[in-house]
Amino acid sequence: MSKRTPTSMLKLNTFYGVLLAVASIFCSQILPAAENPTSEMLVGRWVIDEDRSDNTDDQVEAAIKEGGGKVKRRWFAKRDDDFYRGGPVEQELYDRISYDDVLTISIDGVQCSFEYADNFTRIFYTDGRKRQSSANSFYSEGSEDFSLSYWENKNLIVEARPRDGGFTLETYSLSDNGNTLTIAMQLEPSSFGAAIKLVRVFNRSPAR
């Protein structure tokens, strides 16, 4: 085994130090892009495309039947009346993501802000941190919705724990050169015996 002189060791340590510093700078420049490959394209105002989206009421009924329950008669209800909307306040998050027709997305680094109707806003992060999911201030007994998210194959995956103790899994994907947003979601309210599986399609709204 050969012996290195103090001078050669010093040069070697200096070389590795410079190499590590360069690698750190390089990684700090490329990691944000890798973590947020389509974040800028998700930003904007999105409006529902009803012709290409599942009917939420139909999917709720399918879940009720799968769970062994009976559905309410809708003979005189219009399909666009959001028949099953409006349950307990603890289930508001499900209503917002499955019924609201407009979604406004803002992203600042790893922080995502999703705004629905009536100023209902979800704030969460793409680095796995949990955060209060709604900016509304009428929670009872301190209960809150929580969401976390991450990027997977250029899709944004959002997992949420609504106030009722249920669960949601949402996948946000872009197509048509960034002008179409497709949200595939699985909603599991605590009171349901089966998951609601739903696909909603949104078109980008021109900047106003």
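Treat the numbers as computed from the prediction; the structure is a model and nothing was measured.

**Digging into the overall build of the protein**
Within the protein one finds four helices and ten strands. Ordered by position in the sequence, the α and β elements of the protein form the string α-α-β-α-α-β-β-β-β-β-β-β-β-β. When the 208 residues of the protein are sorted by exposure, 36% land in the buried category. Excluding contacts between residues fewer than 6 apart, the proportion of contacts in the protein whose partners are at least 24 apart in sequence is 46%. Carbon and sulfur atoms make up 52% of the accessible area of the protein, which totals about 12600 Å².

**Here's the deal with the nonpolar core**
Counting 31 residues, the largest nonpolar core has Leu103, Ile105, Phe114, Tyr172 and Leu181 as the members making the most contacts within it. Going through the elements one at a time, strand 1 (44-48), helix 3 (56-66), helix 4 (92-99), strand 2 (102-108), strand 3 (111-115), strand 7 (155-161), strand 9 (180-188) and strand 10 (196-204) are the ones with two or more residues in this core. If we skip the residues at most four places from it in the chain, Leu103 touches Gly44, Arg45, Trp46, Phe114, Glu115, Tyr116, Tyr172, Leu181, Ile183 and Phe202.

**Description of the packing of aromatic side chains**
Here a ring pair, both rings aromatic, is described through the centre-centre distance and the interplanar angle of the planes. Counted according to the given criterion, the structure contains four aromatic pairs. Each ring, one from Phe114 and one from Phe124, has its centre 5.0 Å from the other, and the planes form 65 degrees; the classification is edge-to-face. Of this pair, Phe114 sits in strand 3 while Phe124 is found in strand 4 (residues 121-125), placing the two residues ten residues apart along the sequence. Residue Phe124 is classed as buried on the basis of its relative accessible area, which comes to 0%. Between Phe114 and Tyr172 the ring centres are 5.3 Å apart and the planes differ by 80 degrees, which places this aromatic pair in the edge-to-face class. One end of the pair, Phe114, is in strand 3; the other, Tyr172, is in strand 8 (residues 167-175), and 58 residues separate them in sequence.

**Section: the environment of Thr126**
Note on placement: Thr126 falls in the loop between strand 4 and strand 5 (131-132). Exposure remark for Thr126: the relative accessible area of 11% places this residue in the buried category. A C-alpha to C-alpha distance of 6.8 Å links Thr126 and Leu148, two positions 22 residues apart in sequence.

**Some remarks on the side chain of Ser53**
Its location among the elements puts Ser53 in the loop between strand 1 and helix 3. What makes Ser53 buried here is its relative accessible area of 14%. Only 2.8 Å separates the side chain of Ser53 from the backbone nitrogen of Val201, close enough to count as a polar contact. Apart from residues lying up to four places away in sequence, Ser53 is in contact with Ile48, Val199, Arg200 and Val201.

**Focus: the confidence of the model for the protein**
Put simply, the protein has an average pLDDT of 79, and 71% of its residues get 70 or more. Mean pLDDT per element in the protein: helix 1 (residues 6-35) is the minimum at 43, and strand 9 is the maximum at 98. Confidence over residues 1-6 falls short of pLDDT 50; this stretch has two contacts with residues more than four positions distant or in other chains. The model gives residues 8-12 a pLDDT under 50, and that stretch makes two contacts with residues more than four places away or in other chains.

Rules behind the numbers
Residues numbered from 1 in each chain as written. Predicted model: local features only at pLDDT ≥ 70, side-chain atom pairs only at ≥ 80, totals over all residues. Heavy atoms only, no water. Helix = DSSP H or I, 4+ residues; strand = E, 2+ residues; numbered from the N terminus. Buried < 20%, exposed > 50% of the residue type's maximum accessible area, 1.4 Å probe, protein only. Contact = heavy atoms within 4.5 Å. Areas by Shrake-Rupley, 256 points an atom, 1.4 Å probe, with all protein chains shown as cover. Core = buried A, V, L, I, M, F, W, Y, C linked by side-chain atoms within 4.5 Å. Phe/Tyr/Trp six-rings, centres within 6.5 Å; stacked < 30°, edge-to-face > 60°. Polar contact = N/O pair within 3.5 Å; in protein donor to acceptor, adjacent residues only side chain to side chain. pLDDT = per-residue confidence, 0-100.

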